[in-house]
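# Secondary and tertiary structure notes
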Amino acid sequence: MKVRSARFVISAVRSADLPRDGRPQIVFAGRSNVGKSSLINRMLGRRDLARTSSRPGRTRTVNFFLIDESWYVVDLPGYGYARVSKREREAWGRNVDMYLRSAAGLARVVLLVDGKVAGAPLDSEAYAYLRSLEFDPVVAVTKMDRVKRGARARTLAEVAELLGMPSVAALFPVSSRTGEGVARLLGMLLNREFSTAGAPMPRT
Ligand SMILES: Nc1nc2c(ncn2[C@@H]2O[C@H](COP(=O)(O)OP(=O)(O)OP(=O)(O)O)[C@@H](O)[C@H]2O)c(=O)[nH]1
Ligand SMILES: [Mg+2]
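Now for a description of the structure that goes with this document. (Residues numbered from 1 in each chain as written. Chains lettered and ligands numbered in written order. Predicted model: local features only at pLDDT ≥ 70, side-chain atom pairs only at ≥ 80, totals over all residues.)

Moving on, we come to the overall build of the protein chain. Across its full length, the protein chain holds five helices and seven strands. When the helices and strands of the protein chain are listed from N to C terminus, the series reads β-β-α-β-β-α-β-α-β-α-β-α. Here the protein chain holds 204 residues, and the buried ones make up 38% of them. Contacts spanning at least 24 positions in sequence make up 73% of the contacts within the protein chain whose residues lie at least 6 apart. (Helix = DSSP H or I, 4+ residues; strand = E, 2+ residues; numbered from the N terminus. Buried ≥ 20, exposed ≤ 12 C-beta atoms within 10 Å, placed from the backbone. Contact = placed C-beta atoms within 7 Å.)

Here you go:
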């Protein structure tokens, strides 16, 4: 599957900003610095469509990108960045919650978990929160290029256990640096997304 066009549409901060055209949305959620923006760029084959940064906490708003004029990629601000004020953390929660509640039935959520550290307690909270909103998140384990070959199986087992998932088979190990797993993840997302949302398959 090759993406022909991808363009930034809007940074949403209030519900009036959200697209209301019914197009399916694929949402990337996860801790600050986990690699959301990098994975989006790699999936879409665009070097810097979504802003990436080594400074955590860079993405603050809910950012929409329209792909092939037929579906959206949504880049959520990361959670768990300690060095932001309480007020900012609350604003984060409001933005994300505002968006997710509007997106029920339209969005497929990908939860990213950092493979380099095999996840963190906040990831299991995020997973439970998403499930409480009736999403069934796809879990991608990022930065696999930083995990030694001999530690891969253990890392994936730890992530599955942390989230309370029955099996590692449901995890998608990926690396935005090497491209590992990225095409497989995108293929699965598009198949599931477009078949469940009943929207037409993009002709690519
Ligand atoms: N080694 C390696 N580093 C990565 C990978 N993906 C992202 N990074 C690095 O991790 C850092 C954060 O990446 P971003 O894509 O900006 O992370 P984010 O989740 O969008 O961060 P926020 O917007 O702050 O929530 C950057 O320094 C990236 O270069 C990967 O697959 N492998
Ligand atoms: Mg980002």
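The next point concerns the pairing of strand β3 (residues 62–67). Judged by how many residues are buried, β3 sits mostly within the fold: five of six residues are covered. Two strands pair when backbone bridges link them, and strand β1 (residues 6–12) and β3 are joined in this way by six bridges, in the antiparallel orientation. If you follow Ala 6 over to β3, its bridge partner there is Ile 67. As paired strands, β3 and strand β4 (residues 71–75) are joined by five bridges and run antiparallel to one another. Considered in β4, the bridge of Phe 64 is made with Val 74. Counting the residues between successive antiparallel strands, the hairpin from β3 to β4 contains three residues, one of them, Asp 68, with a positive phi of roughly 50 degrees. (Pairing = 2+ DSSP bridges.)

Turning next to unusual backbone geometry. A positive phi is found at Asn 33, a non-glycine position, where the angle reads about 80 degrees. Position of Asn 33 relative to the elements: it lies in the loop between β2 (25–30) and α1 (36–44). Although it is not a glycine, Glu 69 adopts a positive phi angle of roughly 55 degrees. Checked against the element boundaries, Glu 69 lands in the loop between β3 and β4.

With that out of the way, let us pick up the environment of Arg 154. By the secondary structure assignment, Arg 154 is in helix α4 (residues 152–163). For Arg 154, a count of 12 C-beta atoms within 10 Å corresponds to the exposed category.

What follows concerns the pairing of β4. Most of β4 is tucked away: five of the five residues are buried. Both faces of β4 are covered, namely the face carrying Trp 71, Val 73 and Asp 75 and the face carrying Tyr 72 and Val 74. Sheet analysis places β2 next to β4, joined by four bridges and oriented parallel. Paired with Gln 25 across the bridge in β4 is Tyr 72.

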